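# Structural overview
Chain residues, written in single-letter form:
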Amino acid sequence: MAEQPNTPEPIVGLTLRFLDGQLSDAEVQALADNLRADQALVDRFVEICLQEQLVADMGAAGLHDEDPDADVSTSVMLDIIQRERDARLHEAAAAAKAKPVEQPSSPRRLVIEETPPRRVIVIPSWAVYGSIAAALLIAALVVFTSQPTPTGPVSDPTADTQPPAPDAPSPVATLTRVHSAVWYGQDGQPTTALPGPLLAGTHLQLIDGLAEVEMGDGAVVYLQGPASVHVDTPGSLRLDQGRLTAKAEGQAEGFEVWTPQARITDHGTEFGVSVGESGQEQAEVFSGRVILQPTTPGRDGREVTLRSGQGLAINRDGDTRSISARELSYVRDLEFEALVLAETGSAYHRWLAYTYQVRRDPAVVAYYVFDENDVGRNRLINHAAGTEIASDGFLGDGGNTSPPEWTDGRFEQTRALSFGIDPHGDCRGVIVPDSDALDFAGAMTLAAWIRFDEASTAWNTILSKRDIPPANLNYQLSVSGQWYEGHCRFQFGTGIDSQDFPGFTETPSATRGDTTDWQHIAVVSDGTTLRFYINGERVAETNQPMPPTVNNAPLLIGTSSPDLQPPWQHGRRPLNGRMSELLLANRAFADRDIRSLYEAGRPQD
């Protein structure tokens with residue numbers, strides 16, 4: 001093709017590249033969009049094309065810039081070009097009517113760059129006619145489709161009449177929420193992922209934190225980092241490593257989790273699945289049932305039905321064994337919700353999220369949170385998950401101890417028990433049956449949230465574990481009956497309670513406990529030293545060994561034994577107020593642990 005003189009018009013370079021076949025499909029489409037938007041650009045485009053054809057014709061006739069005999073006047077050439085332009089445009093427009101092209105909804109723009117000067121290179125006309133004809137057809141189509149429709153309603157110029165593009169892949173799941181989530185990005189570096197749609201085959205690599213994934217079939221999955229998961233279909237995913245909880249109800253029944261050695265199929269349930277680094281796998285059912293089918297090659301692949309409370313472990317060799325479901329080994333919906341809402345500043349959810357950490361502590365043998373689930377069941381539920389835990393507490397004993405009354409707790413969403421004396425003169429209290437878990441002969445921690453009804457009340461028993469007779473006192477936490485400078489003192493007792501050895505240690509007189517606000521009380525022993533805390537701060541420390549005075553007495557909450565005789569009968573006085581949380585552990589909590597308990601549970605920010 002011939003080289004042209006230098007020109008400042010970008011359309012020249014773009015048109016010549018088009019005729020040379022150097023434009024991509026996308027650039028050709030963009031060129032057409034630009035022509036469609038500018039009639040003057042169409043005229044210039046056609047003129048350039050016809051000039052190229054004329055040059056080709058001249059080249060075929062031996063007339064080119066290297067031929068000294070070539071003598072074609074400019075006026076004659078322009079006349080030929082104009083006639084050729086009109087004729088070819090008319091023919092191309094007529095041909096275009098047989099095959100109209102739909103207009104895109106919004107014109108795209110192609111950046112047109114300047115091209116360097118070209119020399120006219122003579123090439124045979126047959127090699128260029130095809131490109132020129134195609135270019136003229138594009139121009140004609142632009143002219144034709146740019147004209148208004150002669151009859152019928154006027155079309156909406158903003159309507160999307162472009163041929164539909166190929167369907168984009170549809171998401172099969174959505175990453176809906178995260179909590180402290182850190183992921184591996186495409187570059188293999190840690191990154192923070194935002195919620196969004198997940199396509200089939202998406203590989204999620206969660207380094208740390210939690211993530212909520214809503215599947216296309218309605219199942220909700222909670223991932224615990226570190227975890228590696230492939231999202232396959234709207235109703236299935238593959239867990240390569242890590243831990244997840246799945247909740248599939250209603251139309252989500254049939255949701256599947258695949259692991260390297262099994263397929264777990266939901267049947268309207270909530271269950272957990274884990275895959276360890278060593279290849280150990282576990283499936284545990286919290287409600288409903290699942291069907292587990294081992295897929296280990298060479299092993300028995302018979303299906304196993306697991307129901308609520310049941311689980312199955314599969315080792316790396318494909319051997320299986322039955323296990324019990326451990327709900328607190330997995331982050332479930334309520335805990336995830338609490339963690340997410342705690343980030344918004346909700347004091348209640350801050351506390352609720354922290355309770356799950358406490359429940360999982362293996363040293364915590366009793367943890368009573370006084371929640372709504374306890375109301376109406378005549379009992380106080382122990383939420384501890386340690387290997388050695390105490391029983392639930394029972395409201396009253398049907399005899400000399402009457403049930404305390406449910407009332408408002410520290411938060412709007414929680415409850416508390418109100419103790420004191422009932423109308424018949426009996427003490428209100430909670431009785432926890434004796435168990436080895438409640439016998440402390442060394443390190444221990446007792447902590448409770450309490451609120452006095454009256455600031456001047458003395459001799460309030462918070463909890464007590466003592467035999468009558470003999471006066472074998474394992475431990476007792478109460479408020480001293482003595483007053484100093486208008487302040488009450490907290491009292492911890494252990495050992496043989498007698499006139500010769502009372503076994504009680506009290507906080508200093510400066511300790512404030514006479515408020516009617518909620519306050520957090522804790523006492524910690526490492527076996528030899530006793531520490532007292534109020535609202536997360538250490539207020540006293542003293543040397544007091546914990547003698548091995550274990551007994552078979554029940555643990556009494558909010559009261560002491562109704563059978564105490566003089567001179568200890570005043571010690572049976574119950575807590576004149578409320579309690580909304582109680583913890584007992586068989587290890588000595590550090591200062592930071594007590595502070596965390598208080599900070600997480602304080603009712604106001």
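A brief structural summary. (Residues numbered from 1 in each chain as written. Predicted model: local features only at pLDDT ≥ 70, side-chain atom pairs only at ≥ 80, totals over all residues. Heavy atoms only, no water.)

## Structural notes on the pattern of salt bridges
Note that side chains of opposite charge can pair when their charged atoms are close. A complete count under the given rule lists 24 salt bridges for this structure. Measuring nitrogen to oxygen at the nearest pair gives 3.1 Å for the salt bridge that ties E284 to R326. On the criterion of sequence distance, the pair formed by E284 in strand β9 (residues 281-294) and R326 in the loop between β12 (320-324) and α6 (333-342) is long-range, its members being 42 residues apart. We classify E284 as buried; its relative accessible area is 1%. Look at R326 and you get partly exposed, because its relative accessible area is 39%. Note that D439 and K465 form a salt bridge whose closest N and O atoms lie 2.8 Å from each other. Taken together, the positions of D439 in the loop between β21 (430-432) and β22 (443-452) and K465 in strand β23 (residues 461-467) put the pair 26 residues apart, joining distant regions of the chain. Exposure remark for K465: the relative accessible area of 0% places this residue in the buried category. (Salt bridge = Lys/Arg side-chain N within 4 Å of Asp/Glu carboxyl O. Helix = DSSP H or I, 4+ residues; strand = E, 2+ residues; numbered from the N terminus. Buried < 20%, exposed > 50% of the residue type's maximum accessible area, 1.4 Å probe, protein only.)

## Regarding the layout of surface pockets
In this structure, the largest pocket encloses a volume near 900 Å³. Along the wall of the largest pocket there are 35 residues; nearest its centre are E327, L328, Y356, R359 and H383. Among the elements of the structure, β9, α6 and α7 (347-360) are those that each provide at least two residues to the lining of the largest pocket. It is α7 that contributes the most residues to the lining of the largest pocket, seven residues altogether. (1 Å grid on protein atoms, 1.4 Å probe; cavity = no way out; pocket = protein on both sides within 12 Å on 5 of 7 lines; lining within 4 Å. Points joined across faces, edges and corners; volume = space filled by probe spheres on them.)

## Topic: unusual backbone geometry
Note that the residue after G225, namely P226, is joined by a cis bond; omega there is 0 degrees. Residue position: P226 is located in strand β5 (residues 220-233). You will see that F370, though not glycine, has its phi angle at about 55 degrees, which is positive. Looking at the secondary structure, you find F370 in the loop between β13 (364-368) and β14 (379-380).

## Details of the pairing of strand β29 (residues 537-543)
Sheet analysis places strand β28 (residues 529-534) next to β29, joined by six bridges and oriented antiparallel. The residue bridging T529 from the neighbouring strand is N543, located in β29. Two successive antiparallel strands, β28 and β29, enclose a turn made up of two residues, where N535 displays a positive phi of approximately 50 degrees. (Pairing = 2+ DSSP bridges.)

## Examining the packing of α6 against α7
Between α6 and α7, whose axes approach to 7 Å, the crossing angle comes to 135 degrees. For the element pair α6 / α7, the angle class is oblique. The hand of the α6/α7 crossing is left-handed. Across the interface between the two elements, L334, E335, A338, L339, L341 and A342 from α6 touch H349, R350, L352, A353, Y356 and R360 from α7. The residue makeup of the contact of α6 with α7, split by class, is eight nonpolar, one polar and three charged. (Axes fitted to C-alpha atoms, helices over the stretch in contact; angles between N-to-C directions. Parallel < 35°, antiparallel > 145°, perpendicular 65-115°, else oblique. Left-handed = near helix turned anticlockwise from the far one by under 90°. Contact = heavy atoms within 4.5 Å. Nonpolar A, V, L, I, M, F, W, Y, C, P; charged D, E, K, R; others polar.)

## Some remarks on α7
Here α7 spans 21 Å end to end across 14 residues, near enough to the 20 Å set by a 1.5 Å rise per residue. With respect to burial, α7 is a largely interior element, 12 of its 14 residues being buried. For α7, the complete set of buried residues consists of A347, Y348, H349, R350, W351, L352, A353, Y354, T355, Y356, V358 and R359. (Expected span 1.5 Å × (residues − 1).)

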